[in-house]
Amino acid sequence: FPVKELNDSCGAIKKGCVVSILGGPGMGKTSFAENIIFQNSVLRPLNCLHFFLEDIKIRYQMNLLSRFSYHINDKIPSNTLKSGVDIKDEEALKKIKQVQDRFKIDKKGKIYYTSMLNKPNDPYELANKIGRIVEKFDIDYIVLDFIQKFKVFKTKHYSVIDYLNQIANCLGTLCLGEMGYPPF
């Protein structure tokens, strides 16, 4: 976890771990999720599957690159990456390229991103989709970062709360296996 006290009380994230982060709007859930990904897939060799709904993949990648730049003391603010750099500013472009190259070399795990905009209506179908991705890409842990906006979607057979509960149950089964043995 990105917070020492959580590591001390819960232990570090391990292969097959399920972590749920809940909170209201603006409470820092996405930042916390990004910290978990940074700590476990950039600094440690764990592979992550990051489901998102609210933003696009490039935003998450820019935030990770910015965090990494601070980690190696090259300090590129995420706002600089988001707003862009003047193409004539060769020094800034060179610095960003150097950080990108070092990130590719130093990053220990792999991070896979997938959008939940076209999610299946059935939570079991979603769990099967996740299971296939976990198996194909040797995923160690999953980050779900779409709960806040999930309420805008409707499913045919489930209320939003029932759908989310079914997803949680399916992920628990996926991570622990039917008999409680970690399958990955």
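Residues numbered from 1 in each chain as written. Predicted model: local features only at pLDDT ≥ 70, side-chain atom pairs only at ≥ 80, totals over all residues. Heavy atoms only, no water.

The next thing to look at is the packing of helix α3 (residues 57-71) against helix α5 (residues 90-106). For the pair α3 and α5, interaxial distance at closest approach is 10 Å and the crossing angle is 90 degrees. By the angle class used here, α3 and α5 are roughly perpendicular. Within the contact between the two elements, α3 uses Leu64, Leu65, Phe68 and Ser69 and α5 uses Val99, Gln100, Arg102, Phe103 and Asp106. Residues of the contact of α3 with α5, tallied by class, amount to five nonpolar, two polar and two charged. (Axes fitted to C-alpha atoms, helices over the stretch in contact; angles between N-to-C directions. Helix = DSSP H or I, 4+ residues; strand = E, 2+ residues; numbered from the N terminus. Parallel < 35°, antiparallel > 145°, perpendicular 65-115°, else oblique. Contact = heavy atoms within 4.5 Å. Nonpolar A, V, L, I, M, F, W, Y, C, P; charged D, E, K, R; others polar.)

The next thing to look at is α5. Given a rise of 1.5 Å per residue, 17 residues ought to cover 24 Å, and the 24 Å separating the end C-alpha atoms of α5 matches this to within 8%. Residues of α5 that are buried include every one of Ala92, Ile96, Val99 and Phe103, and no others. Along the axis of α5, the buried positions cluster into a sector of 60 degrees, meaning they face one direction only. Turned more than 90 degrees from where α5 packs its buried face, Glu90, Glu91, Lys94, Lys104 and Ile105 sit exposed. (Expected span 1.5 Å × (residues − 1). Buried < 20%, exposed > 50% of the residue type's maximum accessible area, 1.4 Å probe, protein only. Arc of directions from axis to C-beta.)

Our next topic: the side chain of His50. Tracing the chain through its elements places His50 in strand β1 (residues 48-52). Judged by relative accessible area, His50 falls into the buried class, the value being 0%. In contact with His50, not counting residues within four places along its chain, are Ile37, Tyr60, Tyr112, Tyr113, Thr114, Val143 and Asp145.

Glycine aside, a negative phi is what most residues show, and trans is what most peptide bonds show. For Lys75, which is not a glycine, the phi torsion comes out positive at approximately 40 degrees. A relative accessible area of 46% means that Lys75 is categorised as partly exposed. Positive phi outside glycine occurs at Asp138, with the angle close to 55 degrees. Structurally, Asp138 can be placed in the loop between α6 (123-137) and β3 (141-145).

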